[in-house]
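So the chains spell out like this:
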Amino acid sequence: MLHRVEQALDSLAAGEGKVARLLLADPERLLHEPIARVAERAGTSEPTVVRFCRSVGCDGFRQLKLELARSLERDARSLIHADIDGSEDAAGLIEKVTLRAIGELTTLREELEPAAFAEAADLLAGADAIEFWGMGVSGLVANDAQNRFFRLGLRCVAYSDAPTLRQTGAIRRSGDVIVAISHSGASQPVLAACDDARGRGAQIVAVTSPGTALADRADCLLGVRVDEDPGRYTPSSSRLAHLLVLDILQVQAAIRLGDAALENLRQTKEAIRQS
């Protein structure tokens, strides 16, 4: 994004050029400012800021900030993670891996759609039964989600093997909600089971990358854009992102369920304390 703005600078109208120079001078600051503040600091108007966004290939100010966040995160990643080769001491690894996680989650925060979480929480709160599906690493995330959501008093299970997914998909019914988790959105066992479940009236909440085959099957999409780092020692970025998304959804569902969820959480904690 920064390179794109630099390349466009000479061709921009005067007001748009002011916004461009403001961005290039301190991209981190612009990333956290509302459009009105950016226009004020640039000495121009909000419509001019929007025109600048479109001139550099963005639909609007929100998309500009998303692409800028990705650009800054990638720049930071190249400094933080690309050189991990196994020779670092523990302190160096703590620094690099922690900063990597912070960068990923900061970028993710800018992209998550609040309305989608509210919709998903409503579906889960009203479900007859909830199933969390995932394969491989996503299966581990599904198991973690089941461990969190049942404490709200919701009827839920987690499945992570292909034969079970196909079987349970074939016997779903209206009133059931599936939370399908996949970074690639292309896991064939998950897709096939979703097709079966939807055909029988179940609803699908997808935790996946937008534009994937799984996203296309979703009644409610919790879109998660994450670029997996190809480095040899780096942890799975999508796992961390999906865990966070499901943590947010669990809190949203708890608020939606109200006092009943709070009482269930209290009782489960008391049961653990007494065990």
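The shown structure was predicted, so the numbers you read here are calculated from the model rather than taken from an experiment.

S.K.: Explain the overall build of the protein to me, using residue names and the numbers behind them.
M.R.: If you tally the helices and strands in the protein, you get 14 helices and five strands. Seen through its principal axes, the protein has C-alpha atoms that stretch 60 × 50 × 40 Å. Looking at the protein as a whole, 44% of its 275 residues are labelled buried. Relative to all contacts within the protein whose residues are 6 or more apart in sequence, the contacts with residues 24 or more apart total 68%. Taking the 32 positively charged and 39 negatively charged side chains of the protein as two groups, their mean positions are separated by 3 Å.

S.K.: Could you give me a rundown of the nonpolar core, with the residues and numbers involved?
M.R.: One broad rule of soluble globular proteins: the nonpolar side chains tend to lie buried together. Residues F132, F149, V179, L222 and L249 are the most contacted members of the largest nonpolar core, which totals 35 residues. Of all elements in the fold, only α8 (114-125), β1 (129-133), α9 (137-149), β2 (156-159), β3 (176-182), β4 (203-208), β5 (220-223) and α13 (237-257) reach the threshold of two or more residues within this core.

S.K.: Hey, could you go over the pairing of β1 for me, with residue numbers and the actual values?
M.R.: The element β1 is largely enclosed, with a buried count of five among its five residues. Bridge analysis of β1 against β3 gives five bridges, and the strand direction is parallel. Bridged to W133 within β3 is A180. Where β1 and β2 come together, four bridges link them in parallel fashion. The residue bridging W133 from the neighbouring strand is Y159, located in β2.

S.K.: Could you give an account of the packing of aromatic side chains, naming the residues involved and the relevant values?
M.R.: Aromatic ring pairs: the centre-centre distance and the angle between the two ring planes describe each pair. Evaluation of the coordinates by the stated rule reveals one aromatic pair. Ring plane angle 45 degrees and centroid distance 5.2 Å describe the contact between F132 and F149, whose orientation is recorded as tilted. Of this pair, F132 sits in strand β1 while F149 sits in helix α9, and the two are 17 residues apart along the sequence. On the basis of relative accessibility, which here comes to 0%, the residue F132 falls in the buried class.

S.K.: For the pattern of salt bridges, give the residues involved together with the corresponding values.
M.R.: For the structure on display, the rule yields 15 salt bridges. A salt bridge links E33 to R41, with the shortest nitrogen-to-oxygen separation between them at 2.9 Å. For E33, a relative accessible area of 8% puts it in the buried group. Several salt bridges converge on common partners, so that one network encompasses R29, E33 and R41.

S.K.: Help me get a handle on the state of the cysteines, residues and values and all.
M.R.: Going through the model one piece at a time under the given rule, you end up with zero disulfides. We note that C58 lacks a disulfide partner, and the nearest cysteine sulfur, in C53, lies 6.2 Å from it. Of all cysteine sulfurs, the one in C220 lies closest to C194, which takes part in no disulfide; the gap is 13 Å. Classification of C194 as buried rests on a relative accessible area of 0%.

S.K.: Can you break down helix α4 (residues 35-42) residue by residue, with the values?
M.R.: Residues I35, V38, A39 and A42 constitute the buried set of α4. Looking straight down α4, one finds that the buried residues subtend no more than 100 degrees of arc, so they occupy a single side. A positive backbone phi angle near 70 degrees is found at G43, which sits one or two residues after α4.

S.K.: If you had to explain helix α2 (residues 14-25) to someone new, which residues and values would you point to?
M.R.: Helix length check: α2 (12 residues) gives 17 Å between terminal C-alpha atoms against 16 Å at 1.5 Å per residue, within 8%. For α2, the complete set of buried residues consists of G15, E16, G17, V19, A20, L22 and L23.

S.K.: Tell me about the side chain of E16, and name the residues and values.
M.R.: Relative to the helices and strands, E16 is located in helix α2. One buried charged residue, E16, remains without a salt bridge, the closest side chain of opposite sign being R51 at 4.3 Å. Contacts of E16, omitting those with residues within four sequence positions, involve T48, R51, F52 and S55.

S.K.: Describe the sheet that holds β5, naming the residues involved and giving the relevant values.
M.R.: Reading across from one edge, β2-β1-β3-β4-β5 is the order of the five strands in this open sheet, with parallel pairing throughout. Among the strands making up the open sheet, the edge pair consists of β2 and β5. Taking each pair of neighbouring strands and ignoring which way they run, the sheet shows an average axis angle of 15 degrees. Sheet strands in contact with α9 are β1, β2 and β3, and its direction is about 170 degrees off that of β2. Sitting on the sheet, helix α11 (residues 188-199) touches β1, β3 and β4, and the angle it makes with β1 is about 160 degrees.

Parameters and conventions
Residues numbered from 1 in each chain as written. Predicted model: local features only at pLDDT ≥ 70, side-chain atom pairs only at ≥ 80, totals over all residues. Heavy atoms only, no water. Helix = DSSP H or I, 4+ residues; strand = E, 2+ residues; numbered from the N terminus. Buried < 20%, exposed > 50% of the residue type's maximum accessible area, 1.4 Å probe, protein only. Contact = heavy atoms within 4.5 Å. Lys, Arg positive; Asp, Glu negative; His and termini not counted. Charge placed at Lys NZ, Arg CZ, Asp CG, Glu CD. Core = buried A, V, L, I, M, F, W, Y, C linked by side-chain atoms within 4.5 Å. Pairing = 2+ DSSP bridges. Phe/Tyr/Trp six-rings, centres within 6.5 Å; stacked < 30°, edge-to-face > 60°. Salt bridge = Lys/Arg side-chain N within 4 Å of Asp/Glu carboxyl O. Disulfide = S-S within 2.5 Å. Arc of directions from axis to C-beta. Expected span 1.5 Å × (residues − 1). Axes fitted to C-alpha atoms, helices over the stretch in contact; angles between N-to-C directions.

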